[in-house]
Amino acid sequence: MANVPTQAGAPATSGPDLEKIPVEQVLSTLGVKPEQGLSAAEVQQRTAKYGPNAIIVKEKTLAEKIRGYFTGSMAYVIEAAALVSALLGHWDDFFIIGSLLLFNAALEFWQDRKASNALAALKAGLAPEATVMRDGQWSTVQASTLVPGDIVKIRLGVIVPADLRLTSGDFASIDQAALTGESLPARKKVGDEAYAGSVVKQGEMEAVVIATGTNTFFGRTAKLVSGAGAVSHAQKAMFQISNFLIVVAVVLALIMVAVKVYHDIVIAKDWNVADALGILQFVLVLMVASIPVAMPAVFSITMALGALALSKEQAIVSKLSAIEEMAGVDILCSDKTGTLTKNQLSLSEPMLFAATDPQDCILAAALASKLEDKDAIDTAVITALKDQTLLKNWTMTKFVAFDPVTKRTQASVTDASGKSFVVAKGAPQAIVDLAQAPAEVAQKVKEAVDKLAGQGARALGVARSADDGASWSFLGILPMFDPPRDDSKETIDKAAEKGVRVMMITGDDTAIAIETARQLGMGTNIIPAADAFPKDMDPDNVPPAIIDAIERADGFARVFPEHKYAIVKALQSRGHLVAMTGDGVNDAPALKQADCGTGVSGATDAARGAAALILTAPGLSVINAAIDEARRIFGRINSYLIYRIALTIDIMFVVVMSLLDDLPMMTIAYDNTPVSQRPVRWELPQIFGLATILGIFSVAESFGLLLFGVKVLSEPHLQDYFGLATQAHLQTMMFVQLVGGGQLLLFVTRTERWFFQRPLPAAPLFWAIVGTQGAAALMCGFGVLVPAIPWKLIGWVWVYLISWLFVLGAVRMIYDRFASYRTARHEKHSALVSQSLQPHVPAA
C-alpha cells in the first residue's frame, strides 16, 4: 500500500491510500498540477525529505565478510587444532589443517558472492532515466532523482521508473509478469497503478509518482531479498557435532588430569614443571584428536561431486548446501506459469454463434491481430489458424489497438477484388454490445463465458461487419488457456511417491489455478492470497491461525512477493523443509528464503541470483532426479558422520591422533548409497547414539588387542607364534589396528544391512581404503617411520580386525532394530494421543 510518505523509504502510518483513492485526490494530496509538475525547489525539498528513488540496503564490507568465515564454533575448533599443532611443533599437521580452513573459507566466499548477485540483479532492473514534467517543461532526468508528486511520461519500451497512478492518455499495455506473476501484460487505463520495474509494451500515458525507493512494490521485494536466508541444516549439524566431540574431549581431559595430578601430588608426592608441561601436552593432543578437521571439507567435496552429477541432469547448483537440503524437502512450492504450464496461450474448439465454420471464426479474429506486436493473444489466435497463408489474401487498411475502455481491437481489411469488411475481437461482453446481439444471444454468451471462467479459461469474442461497422454479426467465442506441460503430472506424481507435496503458488486468477490443479491431479483447495493474508501483515511474523490455513491449502492464487515469502517462512516455522521454484523478480525473496530455492529455465537474473539450484531445461522433471541425488549424498554424509564420531571417540580413548584416516574418507563422496523413499532429516540423537555405541565397541576392540599384546609379551612361547616380541612391536601393532580398524568401521557405518550386502562400496572408496591399508602394511613391514614388525603379526592383526568387523556389524543391526522399534512405538503413541484429542461428533 502506498501511503503519503513521511520520510525516506518509509510509508506514513496514517493518511490516504494513494493506490485506491481517486486520481484527482492523489494529485491534491501530493500537491501537484499535471500541466505544471513540481518546481525545482519542491523537488529539492522532497528529495531531502524522502530520499533518492533507489534501493539502498546496508551490505557488509569485504573485511567483515572475511572475518565471518573464520568465526563460529566449527571454525574456532579447527583454528584451535591448527594452533595446538603449531605449539607442539607438528608442522605437517598445521599446514594440512590450515589448508582445510582456507579451503572452507574460500568456498563460503564464492557462495556469498553468488548470493549477493540477487540484489545486484534487482538493482539492474530499475529504470536508469525518466521523462518528467518540472516547472512546466518536459525533460529527461536520472530516475533516482524522482520524488513523490513528480509527473512522468511512460511509453513503448520504457521501464516504469517508480510506482505510479496513471493520470491521462488513452491506454498502456504493461508487462508486470516478473513482478506479479501474471501470464499476460496488464491493460492499463487512467486511474490504474503501474509498478516500478515493469515494462511498457504498448501505448503512451502520463502519470504521477506515488512511491519511490524501498517504498515501491519493487523496493519492498528488494528489502525482502536482502533479509531472506537461513543457516543450512548441514551447518547446524556440523556445529552440534563439533560441540558434542569437544564436550567429550573436555570430560576425558578433566578425568585424566585429575587422575594424573592425584597420582603425582597425593600418592607419589613428586610434582615439577616437567610434569605440568606433560599434562598440558596431553590435554592439547586430546583436544586436537576431538576435532574432525576434515569434516567441512568432506561435506563440501561430497556435495560438489553431487553438483557435478546434477549438472549432467541440466540442473546447475549455485549453493552447495542446497543439495543436502533437497534431501529433506517435504513441500515443493511451485510457480504455475511456465513451470507447471507451457506459458503458451492455446485455443480450444471455438463456440460458434453466427459463424458456421470454426476456422472462419478464427480467421476473423486473426485479421484483427498483428503478429509483429508479439501480443500473446494475437500470437495464439494466428497460430490456431490452420492455413495461415489465407492472411495474405487480405490487406489491412486500418487497425485500432486494444483500448481498455472499449475492450477490443478492430481492423478494416480488403481482399484483391476490392471487397472489404471490418473485424473485431475482445472481451465477449464488449463484442456482444458492439454487435447489439439479441437478449437470448447475450445470455448464452454470458453463460458460456462463466462456464469457461469456472474452468480457468479465458474467452475472446469475435464479430464481423460487412457494411463498415453499421451492423455487426457476432461470430462466436474463442476459448483460450495455458495448457499444462506434458511432463508436469508425471513429475508431481513421482514427487508424491517420494513424500514431497507440491503446492501451486501463482499470481494468476484463482479459477485458472484451480483448473490447472485439477488437470494435474493436485488438490484444488487454492486460496486467493487476499483472503488469507491481512493487508498490513508482517511476512516475518505470520499469525498461527494463518499458518494453519497455509498448511491445509493446496496452493495460492493472486499472490504478491511478500505473500510467497510469508508462505515459505510460515511452512519453515512448522518444521517443513521447503523448496521453491520461480522465474521472476516477484519470486526472488521466497527463492532466497527457501531451504532450496530453484530458478526455472528462463528465470530473470534476480531470480537466478537468489536461487540455490538453477534448472536449464523447461519444466520440473529434473526436480525428481535432484531429490534422488540429494538423498544419495545425504546417505554418504550420514555414513561419514557416524564413522567420524565413532572413530574420534576411539582415538580419544586411546590418545592417538592421526589425520591419515580422514583424507581417504573423502572418497565417500563416490560411495553407492540407497535412495530413501521418504524425505530425510538430520536425526542427530540417533546419529550420536549409534556413533557412541560403535565408538565404545571400537574402544573395546582397541583395548582388547592391547591387552592381548601385553599377555603375549608375558608368555615367551606365544611371542614366536604371533611374531610379537618387543614393546616396539606392540606400538606398531596398535598403529595397524587403529588405521585398519578405523577405516573398516566405515563399511559398517555406510549401510543399515550387513557390510557384504548390496549396495556394495563404490570403487573409488573401496580402492582408496585398500590403497591406504596397503601403504600402512608396507610401512609396518619395512619399518618406514615406525618400528618394523613381522608380516606374520600383520596377518594376525587383520584376522582380528575382520572378526571385529562382523561384531560391529551385528551391533549396528541390533541398535538399528531397537531404534526403529522405539520410533514406531513413539509414532503410534503420538497418533493415539492426537486421535484422543479430536472432538467427538455424535452420530445424527
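Residues numbered from 1 in each chain as written. Predicted model: local features only at pLDDT ≥ 70, side-chain atom pairs only at ≥ 80, totals over all residues. Heavy atoms only, no water.

*Asks:* Tell me about the overall build of the protein, and name the residues and values.
*Replies:* Along the protein, the regular secondary structure elements total 28 helices and 24 strands. Here the protein holds 844 residues, and 51% of them are scored as buried. Considering only intrachain contacts with a sequence separation of at least 6, the fraction spanning at least 24 residues in the protein is 71%. Total accessible area computed for the protein in this model is approximately 37700 Å², and 59% of it derives from carbon and sulfur atoms. (Helix = DSSP H or I, 4+ residues; strand = E, 2+ residues; numbered from the N terminus. Buried < 20%, exposed > 50% of the residue type's maximum accessible area, 1.4 Å probe, protein only. Contact = heavy atoms within 4.5 Å. Areas by Shrake-Rupley, 256 points an atom, 1.4 Å probe, with all protein chains shown as cover.)

*Asks:* Explain the pairing of strand E5 (residues 151–155) to me, using residue names and the numbers behind them.
*Replies:* Counting buried residues along E5, four of its five residues qualify, which places the element largely inside the surrounding structure. Pairing of strand E3 (residues 129–134) with E5 involves three bridges; the strand directions are antiparallel. The residue bridging Val-132 from the neighbouring strand is Val-152, located in E5. (Pairing = 2+ DSSP bridges.)

*Asks:* Mind laying out the packing of aromatic side chains, listing which residues take part and the relevant values?
*Replies:* With the rule as written, the count across this model stands at eleven aromatic pairs. Seen from their ring centres, Phe-94 and Phe-95 are 5.5 Å apart, and the 75° between their planes marks the pair as edge-to-face. Ring centres of Phe-353 and Phe-474 lie 5.3 Å apart, and the angle between their planes is 75°; on these two criteria the pair is classed as edge-to-face. One end of the pair, Phe-353, is in the loop between strand E13 (351–352) and helix H12 (358–367); the other, Phe-474, is in strand E18 (residues 473–481), and 121 residues separate them in sequence. Taken together, the ring pairs in this structure connect Phe-708, Tyr-721, Phe-722 and Trp-796 into an aromatic cluster. Here the basic side chain of Arg-464 rests over the ring of Phe-421, its NZ or CZ set 5.7 Å away from the ring centre. (Phe/Tyr/Trp six-rings, centres within 6.5 Å; stacked < 30°, edge-to-face > 60°. Lys NZ or Arg CZ within 6 Å of the ring centre and 35° of its normal.)

*Asks:* Requested: an account of helix H20 (residues 561–573), with residues and values cited.
*Replies:* Between its first and last C-alpha, H20 extends 18 Å over 13 residues, near the 18 Å set by a 1.5 Å rise per residue. With ten of 13 residues buried, H20 is to be regarded as a mostly interior element. Listed in full, the buried residues belonging to H20 are Pro-561, His-563, Lys-564, Tyr-565, Ala-566, Ile-567, Val-568, Ala-570, Leu-571 and Gln-572. Positive phi appears at Gly-575, one or two residues downstream of H20, with a value of about 90°. (Expected span 1.5 Å × (residues − 1).)

*Asks:* So what's going on with the pattern of salt bridges? Which residues, and what values?
*Replies:* Across all of its chains, the model carries 17 salt bridges by this definition. For Asp-378, the salt bridge identified is with Lys-425, shortest N-O distance 2.8 Å. You can see Asp-378 sitting in helix H13 (residues 376–384) and its partner Lys-425 sitting in strand E16 (residues 420–426), a full 47 residues away along the chain. Overall, the relative accessible area of 5% leaves Asp-378 in the buried class. Judged by its relative accessible area of 3%, Lys-425 is buried. Between Asp-487 and Arg-485 there is a salt bridge, with the nearest N and O atoms lying 3.3 Å from each other. Beyond isolated ion pairs, a larger network of salt bridges with shared partners links Asp-548, Glu-551 and Arg-574. (Salt bridge = Lys/Arg side-chain N within 4 Å of Asp/Glu carboxyl O.)

*Asks:* Give me the lowdown on the nonpolar core, citing residues and values where you can.
*Replies:* Note that soluble globular proteins tend to have their nonpolar side chains buried in a common cluster. Counting 89 residues, the largest nonpolar core has Ile-323, Met-326, Met-522, Leu-613, Leu-615, Leu-694 and Met-733 as its most contacted members. Tallying contributions element by element places helix H23 (residues 621–654) first for this core, with 14 residues. With sequence-adjacent residues up to four places away left out, Leu-613 is seen in contact with Leu-310, Ala-315, Ile-316, Val-317, Ser-318, Met-326, Cys-596, Gly-597, Thr-598, Gly-599 and Ala-626. Core analysis: the next-biggest nonpolar cluster, separate from the first, contains 30 residues, Ile-331, Cys-333, Ala-532 and Met-580 among them. (Core = buried A, V, L, I, M, F, W, Y, C linked by side-chain atoms within 4.5 Å.)

*Asks:* Could you give an account of the sheet that holds strand E22 (residues 578–582), with specific residues and numbers?
*Replies:* Pairing within the open sheet is mixed, and its eight strands lie in the order E10-E24-E23-E22-E11-E19-E21-E20. At either end of the open sheet lies a strand with only one pairing partner, and these are strand E10 (315–317) and strand E20 (526–528). Taking each pair of neighbouring strands and ignoring which way they run, the sheet shows an average axis angle of 20°. Bridge analysis of strand E11 (residues 331–334) against strand E19 (residues 501–505) gives four bridges, and the strand direction is parallel. Each residue of the ladder has a partner; that of Ser-334, found in E19, is Met-504. (Axes fitted to C-alpha atoms, helices over the stretch in contact; angles between N-to-C directions.)

*Asks:* Could you give an account of unusual backbone geometry, naming the residues involved and the relevant values?
*Replies:* Most peptide bonds are trans, and most residues other than glycine sit at a negative phi. Notably, Asp-468 is not glycine yet its phi reads approximately 60°, a positive angle. By the secondary structure assignment, Asp-468 is in the loop between strand E17 (458–465) and E18. Located in the positive-phi region is Arg-558, a residue other than glycine, with phi close to 55°. Relative to the helices and strands, Arg-558 is located in the loop between strand E21 (555–557) and H20.

*Asks:* If you had to explain a nonpolar patch on the surface to someone new, which residues and values would you point to?
*Replies:* A cluster of nonpolar side chains, namely Val-247, Val-251, Ile-255 and Met-256, defines an oily patch on the protein surface of about 350 Å² accessible area. Mapped onto the secondary structure, Val-247 falls in helix H8 (residues 233–267). (Patch = residues over 30% accessible without salt bridge, like charges linked within 9 Å, V, L, I, M, F, W, Y side chains within 5 Å.)

*Asks:* Break down the side chain of His-729 for me, citing the residues and quoting the values.
*Replies:* The topology assignment puts His-729 in helix H26 (residues 727–749). Among the polar contacts listed, one links the side chain of His-729 to the backbone nitrogen of Ala-725, at a separation of 3.2 Å. Excluding its chain neighbours within four sequence positions, the residues that come into contact with His-729 are Gly-723, Leu-724, Ala-788, Ile-789, Pro-790 and Leu-793. (Polar contact = N/O pair within 3.5 Å; in protein donor to acceptor, adjacent residues only side chain to side chain.)

*Asks:* Now, about the side chain of Asn-624: what can you tell me, with residues and values included?
*Replies:* Inspection of the secondary structure puts Asn-624 in helix H23. Classification of Asn-624 by relative accessible area gives buried; the value is 6%. Within polar-contact distance, the side chain of Asn-624 engages the backbone nitrogen of Ala-495 at 3.4 Å. Contacts of Asn-624, omitting those with residues within four sequence positions, involve Thr-491, Lys-494, Ala-495 and Lys-498.

*Asks:* Describe the packing of H26 against helix H27 (residues 763–782), and please don't skip the residues or the numbers.
*Replies:* Packing of H26 against H27 brings their axes to within 10 Å, and their N-to-C directions diverge by 175°. Comparing their axes, H27 and H26 come out roughly antiparallel. Facing Thr-732, Phe-735, Val-736, Val-739, Gly-740, Gln-743, Leu-746 and Phe-747 of H26, the residues of H27 in contact are Leu-765, Phe-766, Ile-769, Thr-772, Gln-773, Ala-776, Met-779 and Cys-780. Classifying every residue of the contact of H26 with H27 by side-chain character gives eleven nonpolar, five polar and no charged. (Parallel < 35°, antiparallel > 145°, perpendicular 65-115°, else oblique. Nonpolar A, V, L, I, M, F, W, Y, C, P; charged D, E, K, R; others polar.)

*Asks:* Hey, could you go over the packing of H12 against H13 for me, with residue numbers and the actual values?
*Replies:* Interaxial distance between H12 and H13 falls to 9 Å at its minimum, and their mutual angle equals 140°. On the basis of their axis angle, the class for H12 and H13 is oblique. Between H12 and H13 lies a crossing of left-handed hand. Contact with H12, carried on its side by Gln-359, Ile-362, Ala-365 and Ala-366, involves Val-381, Ile-382 and Ala-384 of H13 and no other residues of that element. Of the residues assigned to the contact of H12 with H13, the class counts are six nonpolar, one polar and no charged. (Left-handed = near helix turned anticlockwise from the far one by under 90°.)

*Asks:* Any details on the confidence of the model for the protein? Residues and values, ideally.
*Replies:* On average, residues of the protein score 79 in pLDDT, and 81% of them reach the 70 mark or higher. Here residues 656–666 scores under 50 on pLDDT; set against residues more than four positions off or in separate chains, the count is 38 contacts. This stretch, residues 837–844, has a pLDDT under 50; its non-local contacts, to residues over four places away or in other chains, come to zero contacts. (pLDDT = per-residue confidence, 0-100.)

*Asks:* So what's going on with H26? Residues and values would help.
*Replies:* For H26, spanning 23 residues, the distance from its first C-alpha to its last is 33 Å, which sits close to the expected 33 Å at 1.5 Å a residue. By the criterion of burial, H26 is predominantly enclosed, with 19 of the 23 residues buried.

*Asks:* Any chance you could break down the environment of Ala-549 for me, citing the residues and the numbers?
*Replies:* Along the chain, Ala-549 turns up in helix H19 (residues 544–552). On the basis of relative accessible area, Ala-549 is assigned to the partly exposed category, the value being 23%. Between the C-alpha atom of Ala-549 and that of Ile-527, which follows or precedes it by 22 residues, the distance is 9.2 Å.

*Asks:* With reference to specific residues and values, describe the environment of Asn-104.
*Replies:* Here Asn-104 is to be found in helix H5 (residues 91–124). Residue Asn-104 is classed as buried on the basis of its relative accessible area of 9%. Sequence separation between Asn-104 and Ala-75 is 29 residues, and the spatial gap between their C-alpha atoms is 9.1 Å.

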